[in-house]
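# Commentary on secondary and tertiary structure
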Amino acid sequence: MRKSIPHKAYDLIVIGGGPSGMMCAGRAAERGARVLLLEKNTVLGKKLAITGGGRCNITNAEFDVRAFLENFPESRDYLYSPFSKFSSKDTVAFFTQHGLPLKTEDKKRAFPKTDRAPDVVIAMERFMRKHDVTVKTGDPVATLTKLPNGQFLVKTKNGDQYSARSVAIATGGMAQPETGSTGDGFTMLKRLGHTIVHPNPNIVPLTSTTKWVRTLAGTSLPLVRIRFLQNGKVALKKQGGILFTHFGVSGPMILNSSFAVSKLRKTGPVEASLDLFPKSDEAALDAQLITLFENNKNKLLKNVLSDLMPASVAREVLALAPLPIADRKVHSVTKEERRALAQLLKDLRFSIKGTLGYDKAVIADGGVDLEEVDLKTMSSKLCPNLYLLGDVLNINRPSGGFSLQLCWTTGFVAGTEAGDSARRGKKSGR
Ligand SMILES: Cc1cc2nc3c(=O)[nH]c(=O)nc-3n(C[C@H](O)[C@H](O)[C@H](O)COP(=O)(O)OP(=O)(O)OC[C@H]3O[C@@H](n4cnc5c(N)ncnc54)[C@H](O)[C@@H]3O)c2cc1C
């Protein structure tokens, strides 16, 4: 760590020691800037250390930048510039060079070979140490002011003051506030004139008041199709696994639908329809039931249907059937009743009440409007030498390593720019 700074003035102050802040600080220092990183927790990367269920889905190994950006439907045009400078391929190379080789699993999700998220924090700390970043933890930044001479003044809650020609805001969004992301950066940015798109929980489970859904809490189905309906019309459909919970539904397919569903709910009530047999149309499913029934003529229907699905799901489906057929022998089930059952298995309705809160969200959407950011450098268009990173930005994306890649990219691009501009400033004597 650099000890010989005569006064508390830096080229760059990074506020927030999450993935984006650590990448920016390390990179700017690598390019020759004197960098201070301020983190309010007593440790760095508190959220990073719990990512990916403790394994850290560090990036998505889709190396074609355009294909990668298909996952950022509202912001891909903005993001091409920073991602062409530092992509997921660069992330893999970066961590390999810094002693943390990665491996790729299904859907191109990349993890450290060690399967340990805290190792990512350690690698980033090592990177910053190598380049002499000064790190101060356990002292939240209270205010950020732009002085008339163009410098920034940063004051912490403990009363320390620092100045710098550049500041990077890497304070995260609002998701899982217990990790330190409580939206402090948004307050600072509003004071500097930025527009903050109101955050909402995103990549978050959906809630339902429908009893059968809650009764199935703990049951998961590996492949279903879900349709979200508004005014009886399909507004969104997805296919994947589902987990029933005591509050509603979860699992990757649901988490990745939450942004669109929340948006839809703004225009009216939303209902969900579950298809338990997405690979068969109604006629094919009916044929499957005919075979099942023929092989089990004298058994009770409730004991037979569980050949096709978990017994708990079969019980709830039969309870929803228009006529009470669960306790009837299979041979007594009429053709009409069987067809109605096939229909039900492909269209199980339940209500969507909303989402869980920030404390259960992976990210929060909202943040700084991208129109106010120069994406070539990740700097503010409104306030010179101010950089905006990671979850501070209003960028919707799915789970799968895309959020952390956004942090590595924005941190690296801003760090490069802040470092180079510090060098240019020194050369010209400014
Ligand atoms: C449970 C969970 C699992 C996740 N898993 C994955 C995954 O596997 N893959 C993936 O891509 N994404 C994952 N994410 C999302 C990912 O963790 C975030 O997108 C990412 O951490 C955002 O990084 P950041 O640097 O922008 O902010 P953060 O990680 O939120 O860090 C911001 C930092 O700023 C500090 N700070 C805030 N205010 C102040 C202040 N006033 N002064 C000083 N410091 C301050 C905070 O304490 C915090 O340390 C997960 C999220 C959660 C909640």
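Quick caveat: nothing in here was measured; it's all calculated off a predicted structure.

### Quick look at the layout of surface pockets
- Roughly 230 Å³ of volume is contained in the second largest pocket.
- Looking at the second largest pocket, it is lined by 17 residues, and the ones nearest its centre are Glu74, Val197, Phe259, Asn394 and Asn396.
- The class makeup of the residues in the lining of the second largest pocket is 5 nonpolar, 7 polar and 5 charged.
- When residues of the lining of the second largest pocket are assigned to domains, at least three map to each of domain 1 (9–202 + 362–427) and domain 2 (205–356).

### Overview of the UniProt feature "domain: RsdA/BaiN/AoA(So)-like insert" (unreviewed entry) in the protein chain
- In the numbering used here, UniProt assigns the "domain: RsdA/BaiN/AoA(So)-like insert" (unreviewed entry) feature to residues 201–362.
- Secondary structure within residues 201–362 divides into 35% helix and 27% strand; the distance between the first and last C-alpha atoms comes to 8 Å.

### A few points about the sheet that holds strand 3 (residues 59–60)
- Overall, antiparallel pairing links the 3 strands, which are arranged 3-5-4 in an open sheet. A strand with exactly one partner marks an edge of an open sheet, and here the two such strands are strand 3 and strand 4 (102–104).
- Strand direction decides the pairing type here: strand 3 and strand 5 (residues 109–112), joined by 2 bridges, are antiparallel. Note on strand 5: the bridge partner recorded for Asn60 is Arg109.

### Quick look at the nonpolar core
- Grouped together as the largest cluster of nonpolar side chains are 77 residues, with contacts concentrated most on Ile13, Phe95, Leu144, Ile169, Leu386 and Trp408.
- Looking at this core, the element that brings in the most residues is helix 14 (residues 402–427), giving 9 residues.
- Leave out the neighbours within four places in its chain, and Ile169 touches Ile15, Leu144, Gly185, Met188, Leu189, Leu386, Tyr387, Leu388, Leu389 and Val392.
- Core analysis: the second largest hydrophobic core is formed by 45 residues, Leu264, Phe293, Leu318 and Ala326 among them.

### Concerning the packing of helix 3 (residues 76–85) against helix 14
- Interhelical geometry of helix 3 versus helix 14 gives an angle of 75° and a closest axis separation of 9 Å. Between helix 3 and helix 14, the crossing angle belongs to the class labelled roughly perpendicular. Taken together, the residues of helix 14 that come into contact with helix 3 (itself represented by Leu79, Pro82, Phe83 and Lys85) are Gln405, Leu406, Thr409 and Val413.
- For the contact of helix 3 with helix 14, the class distribution of residues is 5 nonpolar, 2 polar and 1 charged.

What counts as what
Residues numbered from 1 in each chain as written. Predicted model: local features only at pLDDT ≥ 70, side-chain atom pairs only at ≥ 80, totals over all residues. Heavy atoms only, no water. 1 Å grid on protein atoms, 1.4 Å probe; cavity = no way out; pocket = protein on both sides within 12 Å on 5 of 7 lines; lining within 4 Å. Points joined across faces, edges and corners; volume = space filled by probe spheres on them. Nonpolar A, V, L, I, M, F, W, Y, C, P; charged D, E, K, R; others polar. Domains from an automatic or database assignment. UniProt positions renumbered as here; feature names shortened; annotations may be inferred. Helix = DSSP H or I, 4+ residues; strand = E, 2+ residues; numbered from the N terminus. Pairing = 2+ DSSP bridges. Core = buried A, V, L, I, M, F, W, Y, C linked by side-chain atoms within 4.5 Å. Buried < 20%, exposed > 50% of the residue type's maximum accessible area, 1.4 Å probe, protein only. Contact = heavy atoms within 4.5 Å. Axes fitted to C-alpha atoms, helices over the stretch in contact; angles between N-to-C directions. Parallel < 35°, antiparallel > 145°, perpendicular 65-115°, else oblique.

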